[in-house]
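Structural overview
Single-letter residue listing:
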Amino acid sequence: MSVKKVDVAVLGGGPGGYTAALYCARAGFSVTVIEKMAPGGQMATTGRVDNYPGFDEGVDGFELGERMQRGAERFGAETLFADVTGVELAGDTKRILTTDGELEARAVVLSTGASPRELGLPEERELRGRGVAYCATCDGMLYKDKTVVVAGGGNSAAADALHLAKLCKKVILVHRRDTLRASQVYLAPLRESGVEFVWNSRITGILHGAQVTGVRVEDVKTGAEREIPCDGLFVAVGRVPDTALFADQVKLEEHGYVDADETTRTDLPGVFAVGDLRSKPLRQIVTAASDGAVAAHFIEEYLLQQA
Ligand SMILES: Cc1cc2nc3c(=O)[nH]c(=O)nc-3n(C[C@H](O)[C@H](O)[C@H](O)COP(=O)(O)OP(=O)(O)OC[C@H]3O[C@@H](n4cnc5c(N)ncnc54)[C@H](O)[C@@H]3O)c2cc1C
């Protein structure tokens, strides 16, 4: 099979990847985005995005993904629907192995994103979007004036609980320890917010009909179980960056995110990291898109130096 040669290979067609593709294609480079599922990445799994600017009535996440794809393809970027199965990123010519052939690229954008860590409960996946949520900033409004449980005890859980407390009738934070791991800055606001705490407890089951109706929690000290009625469960127990493919080639920070700064450069020349897989304080569509634009700027600089 022939090897396709491009200036820029973009691994992952989420908002970060397609923005990088748009900017690189507009700059005149040949670009292929390799996406294993559908354009849009994580946002394609949500029916409503209300915080991406320019859509005054919100936008369906899947539709936004398709629009990003078409926007990049208008300038000549191509999409290869395939799974990236291997990469060789160290040399001047980067090799990308996929389930639909091999590519060689002069520069590579790593944009395979990150996934929310799940609690691992049997019903959890099936109830995603039907009461189980992983992003309070994104989905909080759907639970306005309702009762929600937040699972977790770190900064994300604290921030999610505070965000939800402004919208919801009641917020109950369930944590397996007797104190939060969250930064001090959250503690006083949390106390004042009216958030209720269920300490030393872990969620062992989700109660549901078509939608979530409650959770079952176990006291980790006594083993006693009880049910807490609620309309939604926000899981905030961390994220898992999808970086296993290149973990042995680019430098990762301790939690597995690619160690790239605001320039999106990695420790390998010609390899750039954008969006949720990069170490950064806020993982959202708009920040992934921003990374994509920044990456294209430095890719152009890199490729012109190489020429
Ligand atoms: C349910 C949900 C709702 C959300 N709602 C909002 C919201 O309303 N507003 C907001 O700003 N943010 C929201 N977010 C967060 C937002 O979607 C992410 O921050 C954003 O999508 C990150 O973009 P990304 O380009 O870094 O990666 P991702 O969106 O994670 O995309 C990565 C892409 O890479 C592909 N990929 C991974 N591995 C491979 C491989 N080996 N080969 C080929 N392709 C691969 C994946 O299929 C995926 O399409 C939400 C997230 C979720 C899960």
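Preceding this paragraph is the structure being described.
Below is a summary of the structure that appears in this document.

Thresholds, definitions, all that
Residues numbered from 1 in each chain as written. Predicted model: local features only at pLDDT ≥ 70, side-chain atom pairs only at ≥ 80, totals over all residues. Heavy atoms only, no water. Near = heavy atom within 4 Å. Polar contact = N/O pair within 3.5 Å; in protein donor to acceptor, adjacent residues only side chain to side chain. Areas by Shrake-Rupley, 256 points an atom, 1.4 Å probe, with all protein chains shown as cover. Helix = DSSP H or I, 4+ residues; strand = E, 2+ residues; numbered from the N terminus. Nonpolar A, V, L, I, M, F, W, Y, C, P; charged D, E, K, R; others polar. Pairing = 2+ DSSP bridges. Axes fitted to C-alpha atoms, helices over the stretch in contact; angles between N-to-C directions. Left-handed = near helix turned anticlockwise from the far one by under 90°. Contact = heavy atoms within 4.5 Å. Core = buried A, V, L, I, M, F, W, Y, C linked by side-chain atoms within 4.5 Å. Buried < 20%, exposed > 50% of the residue type's maximum accessible area, 1.4 Å probe, protein only. Salt bridge = Lys/Arg side-chain N within 4 Å of Asp/Glu carboxyl O.

Taken together, 33 residues form the shell around the ligand, and within it Glu 35, Gln 42, Asn 51, Cys 138 and Asp 276 come nearest. Between the ligand and the protein, one listed contact pairs an oxygen atom with a backbone N or O atom of Met 43 at 3.3 Å. Surface burial for the ligand is 94%, taken as the share of its 1000 Å² of free accessible area covered by protein chains. Residue assignment for the shell around the ligand shows that the elements contributing at least two residues are helix 1 (15–26), strand 2 (31–35) and helix 6 (285–306). Partitioning the shell around the ligand into residue classes produces 12 nonpolar, 15 polar and six charged.

Next up on the list: the sheet that holds strand 8 (residues 132–133). Strand order in the open sheet formed by five strands is 8-15-9-10-11, with parallel pairing between adjacent strands. Of all strands in the sheet, those bounded by a partner on one side alone are strand 8 and strand 11 (196–198). As judged from the three bridges shared by strand 10 (residues 170–174) and strand 11, these two strands associate in the parallel manner. Of the residues in strand 11, the one forming a bridge with Val 174 is Val 198.

Helix packing geometry: the angle between the two helix axes and the distance between the axes. Helix 6 packs onto helix 1 with a crossing angle of 35° between their chain directions and a minimal axis gap of 7 Å. In the crossing of helix 1 with helix 6, the sense of the turn from one axis to the other is right-handed. Packed against helix 1, whose contacting residues are Pro 15, Gly 16, Thr 19, Ala 20, Tyr 23 and Cys 24, the element helix 6 presents Ile 285, Ala 288, Ala 289, Gly 292, Ala 293, Ala 296 and Ile 299 at the interface. Classifying every residue of the contact of helix 1 with helix 6 gives 10 nonpolar, three polar and no charged.

This part takes up the nonpolar core. Of all hydrophobic cores here, the largest spans 30 residues; its most connected members are Val 8, Ala 21, Val 31 and Ile 299. Every element with two or more residues in this core is listed here: strand 1 (4–11), helix 1, strand 2, helix 2 (61–73), strand 6 (101–110) and helix 6. Per-element accounting of this core gives the leading share, eight residues, to helix 6. When sequence neighbours within four positions are dropped, the list of residues in contact with Val 8 reads Cys 24, Phe 29, Ser 30, Val 31, Thr 32, Ala 105, Ala 107, Val 109, Ile 299 and Leu 303. By size, the runner-up hydrophobic cluster in this structure holds 22 residues, among which are Val 84, Val 250, Leu 268 and Val 271.

Using the criterion set out here, one finds 16 salt bridges in the structure. Note that Lys 4 and Glu 78 form a salt bridge whose closest N and O atoms lie 2.5 Å from each other. With a gap of 74 residues between them, Lys 4 in strand 1 and Glu 78 in strand 3 (residues 78–81) connect regions that are remote in the sequence. For the salt bridge of Arg 95 with Glu 102, the shortest nitrogen-to-oxygen distance reads 2.7 Å. Here the salt bridges share partners, and the residues they tie into one network are Glu 262, Arg 278, Lys 280 and Asp 291.

Next up on the list: the sheet that holds strand 13 (residues 212–219). Across the sheet, three strands lie side by side as 12-13-14; this open sheet has antiparallel pairing. Looking along the sheet, the strands with just one partner apiece sit at the ends: strand 12 (201–208) and strand 14 (225–229). Ignoring which end each strand starts from, the neighbouring axes of this sheet average 30° apart. Both strand 13 and strand 14 contribute to a ladder of five bridges, which runs antiparallel. Residue pairing for strand 14: Arg 216 is matched across the bridge by Glu 227.

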